[in-house]
Amino acid sequence: MEYDNFLHYSRRLQMADALGDVYVNLSALKTAKSRFLFTRSLLSKHQMLTRTLHIQMDYDCPALSANFRQKGNDFFRAKKYVKAVDLYTRCLMGSEPTTECHALALGNRSAAHFHLGHFELCIKDARWAMVTNYPSKLAYKLYERAGNAECMLGLAQRAKDSFTECLKRLDEVDMSAENKRKFRETIEIAITKCDERLEDRKRTKKVPPIEELVGGRNETIPALSAFVELKMTEDMGRGVFATHDINPGDVVAIDEPYICGPISQHTEVCHYNGCLKLDVALFPCPKCFLVYYCNKDCMDKADKDGHYLECPIMDFIKSTPGIPRMNELVMKWFLKDYLKMGLKNYCSAVDNFYQSKIDPKTRGFDENGQYKSDNFLTAYSLDSTEDKLSIDVLFFFNCIAVDLLHYLTLNGFQIPKCDIGTVGASFVHILTVLDMNCRKFNFCAPKIAFQKEIKFTLTIAMTLYPTICLFNHSCDPNVKRSGELSDRVRVMKATQPIPKGTQLFCSYGIIFQGHPKDSRQELLKNRFKFDCYCQPCIKDWSTSQYIPNRLSTLNILNPSMASTVQLECKKFLEFSKSVNPEDYHQHLKYLYSFIKLLFTNVKRPFELYEECLEMIGDAHIMSTNEIISICESPY
């Protein structure tokens, strides 16, 4: 099972000899609201709901914590930095986060980390100390140290900002005029070096192109190209189809996530839904210390979106069974729309969704006939697994929703009794929408690369793109993500020729080269609840090791072009051996022309076609974020 602690609720009921007919009773209920209320009543009856949000923290006495810090200082002065870090950590574990002792220990530990060469940890501790009770007259030291650490990581702009703030803090410093003058000169020299580094980077930096949708914006689906339309099919439901011939490289979608969040607490990604900037040692929320932001502006915006309501219960949300990051997104989604719409309008929208008979083709369109990615019902109406879940998973999701809503109300959030079922049912539905679509389109979520060739990547955020979700799956996609890997705004480009009337497909992470047909069909059926009818599945295309690599009468579609195709294939083989992957983007025009030639004249699968297709996909992807380049030489 893919969910954390899947048996958490059922096991406890079984131990209480109360599981019995739970699944039978739940399956007999016809509405989402009644299922949620049944589950809520069940967990309450058996005292499975948290009674208080108060977490008893046993802190050592202040004198003992201060003693740990002083001993850490002794080791620091003796240059025994590892032991110093250990003692500062013991001080932090035993002191109140709001005390000056705690703040000073953070600042001291950041200094020890700097001397150990742990520059990211140094910045993290310094940033943490900045938002705690750190003495203002000493704050300049934190900014100086953060700037030096950022220099060592090659983060010129970040270092310049830290040094600039350090100079502002000098007015509060108890230092002789002469020493202050010398210190200021040193910091100003550091800022000048940062400026020089930034100028060098401007001359060499690979700048992402300004992308525009081919044909302009679609009239009814603004995030899609005007050269496509939404149509219904018998085997796949609705899908995106070309109304004009679309060429490789054409931009067919530019979408922003409706809701998003970092996929791991260890990934340095801004938690604000409208940012997701990848950065080093972000600012923690000064209250919960469980979410991070790249600056105070994003922190304030996140608060307006509802973090102040989830902040006191973040620790409980993170420990709820299931997929913790998805549970966090459920709460973030609800609070964002509650604050935007008000509870009455939110519940009305949810109730109308369940009661109205929606045309499958226009599901998610607003009253003006527009399908917009920033609209609540557009996201809420996305395909979900709610009516396809096994009864044990459905019960599990309802239990998670009960817990999440219980934490919120326990913290003082007021929900009228008549609306509890509606809000709870919406939590379950949001879970199912995220469960299907965040997994389905994980391929286009923000990532970071670990090689220049961008062969190995790590997903850094969980994102829900309502418009990109309109693309159906193919094991041979003709549309792929493009542009900056870590960008929250996702650009989708054609990678193959797409003739007028043809459907545009992306991949849900399963392609024919890597999986035989039976394996693909099983994966798609189990994970996404559908049978695949793409060409590789219908015609049972060979996997990579069995794909033909030579031209013959069997795979030439147009005999009159045989000699031309043969010649161009030889040229491509020479090209592929002579060009490095990081330079593919400089040869896109050639790659487009070659794949168009093969598309018209060669039967697939064909090794050179698949190789060219992979090159185009790699060339469309960029990785320019500063944090990816921390291997640059320090200065």
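If you're wondering where the values come from, they're calculated on a predicted model, not measured in any experiment.

## Topic: the overall build of the protein
And step 1. The helix and strand tally for the protein stands at 22 helices and 14 strands.
And step 2. In summary, the protein has a C-alpha radius of gyration of 28 Å against a globular reference of 26 Å for 635 residues, a match within 12%.
And step 3. Dimensions of the protein along its principal axes, counting C-alpha atoms only, are 85 × 65 × 45 Å.
And step 4. Each of the 635 residues in the protein was classed as buried or not, and the buried ones make up 53%.
And step 5. Contacts spanning at least 24 positions in sequence make up 70% of the contacts within the protein whose residues lie at least 6 apart.
And step 6. Summed over all atoms, the accessible surface of the protein reaches about 29,900 Å², with 51% contributed by carbon and sulfur.
And step 7. Taking the average location of the 81 positive side-chain charges in the protein and that of its 77 negative ones, the two points are 1 Å from each other.

## Brief notes about the packing of aromatic side chains
And step 1. Scanning the entire structure with this criterion turns up 31 aromatic pairs.
And step 2. Between the aromatic rings of Phe76 and Tyr81, the centroid separation amounts to 5.3 Å while the plane-to-plane angle is 70°, which identifies the pairing as edge-to-face.
And step 3. Residue Phe76 is classed as partly exposed on the basis of its relative accessible area, which comes to 22%.
And step 4. On the basis of an interplanar angle of 85° and a centroid distance of 5.1 Å, the ring pair of Phe334 and Tyr346 is categorised as edge-to-face. With Phe334 in helix α13 (residues 324–341) and Tyr346 in helix α14 (residues 343–355), this residue pair connects regions lying 12 residues apart in the sequence.
And step 5. Judged by relative accessible area, which is 0%, Phe334 ranks as buried.
And step 6. Each member of the aromatic cluster is reached from another via a ring pair, and the members are Phe334, Tyr338, Tyr346, Phe353, Tyr354, Phe376, Tyr380, Phe413 and Phe427.

## Let's talk about helix α9 (residues 156–169)
And step 1. In a regular helix each residue adds 1.5 Å, so 14 residues correspond to 20 Å; α9 covers 20 Å between its end C-alpha atoms and thus fits that length.
And step 2. Here α9 has its buried residues at Ala156, Arg158, Ala159, Ser162, Phe163, Cys166 and Leu167.

## Observations regarding the domain arrangement of the protein
And step 1. Each domain of the protein was delimited in the assignment, giving domain 1 (62–95 + 99–204), domain 2 (302–437) and domain 3 (547–634).
And step 2. Summarising the inter-unit geometry, the C-alpha centres of domain 1 and domain 2 are found 42 Å apart.

## Remarks on the pairing of strand β11 (residues 479–484)
And step 1. Where burial is concerned, most of β11 is hidden: 5 out of the 6 residues are buried.
And step 2. Where β11 and strand β12 (residues 490–494) come together, 4 bridges link them in antiparallel fashion. From the neighbouring strand, Lys480 faces β12, where its bridge partner is Lys493.
And step 3. Counting the residues in the hairpin turn of β11 and β12 gives 5 residues.
And step 4. In terms of strand pairing, β11 meets strand β14 (residues 621–622) through 2 bridges, oriented parallel. The partner of Gly483 across the bridge, within β14, is Ile621.

## Let's talk about the sheet that holds β12
And step 1. If you walk across this open sheet you meet the 4 strands as β3-β12-β11-β14, and the pairing is mixed. The sheet terminates laterally at β3 (251–255) and β14, the two strands that pair on one side only.

## Comments concerning the side chain of Thr320
And step 1. Mapped onto the elements, Thr320 comes out in the loop between α12 (314–318) and α13.
And step 2. The class for Thr320 is buried, based on a relative accessible area of 2%.
And step 3. Among the polar contacts listed, one links the side chain of Thr320 to the backbone oxygen of Phe316, at a separation of 2.8 Å.
And step 4. Excluding its chain neighbours within four sequence positions, the residues that come into contact with Thr320 are Tyr9, Asn327, Ile400, Asp403, Leu404 and Tyr407.

## Section: the packing of helix α11 (residues 296–310) against α13
And step 1. Between α11 and α13, the shortest axis-to-axis distance is 8 Å and the interhelical angle comes to 125°. The angle between α11 and α13 places the two elements in the oblique class. By crossing handedness, the relation of α11 to α13 is classed as right-handed. Side by side, α11 and α13 meet where Lys304, Asp305, Gly306, Tyr308, Leu309 and Glu310 of the first sit next to Glu328, Met331, Lys332, Leu335, Lys336, Tyr338 and Leu339 of the second.
And step 2. Residues of the contact of α11 with α13, tallied by class, amount to 6 nonpolar, 1 polar and 6 charged.

## Things to note about the confidence of the model for the protein
And step 1. Within the protein, residue pLDDT values average 90, and 95% of them lie at 70 or more.
And step 2. At the level of individual helices and strands, the protein shows its lowest average pLDDT in strand β7 (residues 447–449), which scores 77, and its highest in β3, which scores 97.
And step 3. Residue range residues 627–635 is modelled with pLDDT below 50. Its contacts to residues more than four positions away, or to other chains, number 25 contacts.

## Focus on the side chain of Asp403
And step 1. For Asp403, the position within the fold is in helix α16 (residues 391–410).
And step 2. Despite its burial, Asp403 pairs with no opposite charge, the nearest such side chain being Arg12 at 6.8 Å.

## Regarding the pattern of salt bridges
And step 1. Under the criterion given, the structure shown has 23 salt bridges.
And step 2. Close ionic contact of Asp351 with Lys33 constitutes a salt bridge, the shortest N to O distance being 3.9 Å. Remark: Lys33 occurs in helix α3 (residues 32–45) and Asp351 occurs in helix α14; sequence separation between them is 318 residues.
And step 3. With relative accessibility at 22%, the residue Asp351 sits in the partly exposed group.

Rules used in this analysis
- Residues numbered from 1 in each chain as written.
- Predicted model: local features only at pLDDT ≥ 70, side-chain atom pairs only at ≥ 80, totals over all residues.
- Heavy atoms only, no water.
- Helix = DSSP H or I, 4+ residues; strand = E, 2+ residues; numbered from the N terminus.
- Rg over C-alpha atoms; globule rule 2.2 N^0.38 Å.
- Buried < 20%, exposed > 50% of the residue type's maximum accessible area, 1.4 Å probe, protein only.
- Contact = heavy atoms within 4.5 Å.
- Areas by Shrake-Rupley, 256 points an atom, 1.4 Å probe, with all protein chains shown as cover.
- Lys, Arg positive; Asp, Glu negative; His and termini not counted.
- Charge placed at Lys NZ, Arg CZ, Asp CG, Glu CD.
- Phe/Tyr/Trp six-rings, centres within 6.5 Å; stacked < 30°, edge-to-face > 60°.
- Expected span 1.5 Å × (residues − 1).
- Domains from an automatic or database assignment.
- Pairing = 2+ DSSP bridges.
- Polar contact = N/O pair within 3.5 Å; in protein donor to acceptor, adjacent residues only side chain to side chain.
- Axes fitted to C-alpha atoms, helices over the stretch in contact; angles between N-to-C directions.
- Parallel < 35°, antiparallel > 145°, perpendicular 65-115°, else oblique.
- Left-handed = near helix turned anticlockwise from the far one by under 90°.
- Nonpolar A, V, L, I, M, F, W, Y, C, P; charged D, E, K, R; others polar.
- pLDDT = per-residue confidence, 0-100.
- Salt bridge = Lys/Arg side-chain N within 4 Å of Asp/Glu carboxyl O.

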